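# A closer look at the structure
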Amino acid sequence: AGNPSFYLKKIKNLTGGGTISVQNSGYTLIQNDTLTVTTINISGFTGGNSDDFSNNLITGNLTFAEGATNTGSVYTGNNTINGSTTLGLNSAATWYEGYQVGNVYNGNTSFSLNGTGTFNSSYSTKCSFTGNLSVNRTAAGITDLFGAGFNFITGNFSFSNTAGGHTYINSSNVLNGPINGTVNITATGSGNPSFYLRKIKNLTGGGTISVQNSGYTLIQNDTLNVNTVNINGFTGGSSDEMSGNVITGNVTFADAATNTGSVYVGNN
């Protein structure tokens, strides 16, 4: 009890099979470690300090998830993880994934966003994803994915936000590597939040994109191979845009009856 601090720094081991479990800590710092383990489960950390998981080489499955009462920012950067990874935002704090140096994920990766805090991925530099990447938001908050882009996603990319909050997928419109698999995107929720989807390219068809009742909507410079793109009900005073895209699939792009902003469609 008491949310005590926990530090693990510059520890290196050579034989796998162990486990690391840190529950309900306070200030948490996992830094410069080279670990071969079965699992690392660090969850429930909380407090006002900025927790840090950085510069690690991990062989094993990782869970790094804060507690619901956490108030300090969370930073992860310059990690290579050879195993599956789950990052869990559970509070109103801000996360910076890919801080200063990008992360390399060699396994399926999940960003589980169950709090109202802002989640930034690839914040400073591009991250790399070998395997599937899934992002699931269940509480309204800002989701800013691939702020600096990404090098590649070798598997499928899925994004689900049924709670609301602004969604920015490559808001800075930087060039990314390909997504080798399918793309599945669902964005709904109250409040007419903004939705950006820019310079995303995938190579395998069969996915769907559904964006309902958004606010300012920008679909730009994407190369998408999907079954359907259904973007409807967007509204507000901003000028919505669908431009510069190559789409293989059926497209619906329709505003709401209450929309007051101009709508631009060109070079698709």
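Residues numbered from 1 in each chain as written. Predicted model: local features only at pLDDT ≥ 70, side-chain atom pairs only at ≥ 80, totals over all residues. Heavy atoms only, no water.

### Concerning the overall build of the protein
The cut-off we apply is this: Segments assigned H or I by DSSP are reported as helices when at least four residues long, segments assigned E as strands when at least two residues long, and all are numbered from the N terminus. For a compact globule the rule gives 2.2 Å times the number of residues to the power 0.38, and the radius of gyration it is set against comes from C-alpha atoms. Accessible area is worked out with a 1.4 Å probe on protein chains only. A residue is then buried under 20% of its type maximum, exposed over 50%, and partly exposed in between. For this analysis, residues touch if any pair of their heavy atoms sits within 4.5 Å. What sets the accessible areas is the Shrake-Rupley method with a 1.4 Å probe; for residues, cover comes only from the shown protein chains. Positive charges come from Lys and Arg, negative ones from Asp and Glu, while His and the chain ends are left out of the count. Every charge is mapped onto a representative atom, which is NZ of Lys, CZ of Arg, CG of Asp or CD of Glu.
In terms of helices and strands, the protein carries zero helices and 27 strands. Its C-alpha radius of gyration of 19 Å places the protein within 12% of the 18 Å reference for a compact globule of 268 residues. Dimensions of the protein, computed from the C-alpha atoms along their principal axes, are close to 55 × 35 × 25 Å. Counting across all 268 residues of the protein, residues that qualify as buried make up 49%. Nonlocal contacts in the protein, meaning residues at least 24 apart in sequence, comprise 44% of its contacts between residues at least 6 apart. Entry remark: accessible area of the protein is about 10,600 Å², with carbon and sulfur atoms responsible for 47%. Here the protein contributes 8 positive and 10 negative side-chain charges, whose respective centroids are spaced 12 Å apart.

### A look at the side chain of S128
Here S128 is to be found in strand β14 (residues 127–130). Residue S128 is classed as buried on the basis of its relative accessible area, which comes to 7%.

### Looking at the packing of aromatic side chains
To describe a pair of aromatic rings, one takes the distance between the centres and the angle between the planes. Inclusion rule: Any pair of Phe, Tyr and Trp rings, taking the six-membered ring for Trp, is counted once the centres come within 6.5 Å. Such a pair is stacked with planes under 30 degrees apart, edge-to-face with planes over 60 apart, and tilted for the rest.
Evaluated as defined, the whole model comprises 20 aromatic pairs. On the numbers, 5.6 Å between centres and 55° between planes, the contact of F146 with F157 is tilted. Here F146, found in the loop between β16 (143–145) and β17 (150–153), pairs with F157, found in strand β18 (residues 157–161); they are 11 residues apart in sequence, far enough to count as distant. Take F157: its relative accessible area is 1%, and that puts it in the buried class. Between the aromatic rings of Y168 and Y196, the centroid separation amounts to 4.8 Å while the plane-to-plane angle is 80°, which identifies the pairing as edge-to-face.

### A closer look at the environment of Y123
Mapped onto the secondary structure, Y123 falls in the loop between β13 (119–120) and β14. Along the primary structure Y123 and L145 are separated by 22 residues, whereas in three dimensions their C-alpha atoms are 8.2 Å apart. If we ignore the near neighbours within four places in the chain, the residues touching Y123 are Y96, E97, G98, Y99 and A148.

### Here we look at the side chain of T143
With respect to the element layout, T143 can be found in strand β16. Owing to a relative accessible area of 0%, T143 belongs among the buried residues under this scheme. Leaving out residues up to four positions away in the same chain, T143 has contacts with L113, F119, R137, F159, H166, T167 and Y168.

### Some thoughts on the environment of P178
With respect to the helices and strands, P178 occurs in the loop between β19 (167–169) and β20 (183–187). Under the relative-accessibility criterion, P178 is labelled partly exposed at 31%. Between the alpha carbons of P178 and S158 there is a distance of 14 Å; along the sequence they are 20 residues apart. In contact with P178, not counting residues within four places along its chain, are F150, N151, F152, I153, K201 and L203.

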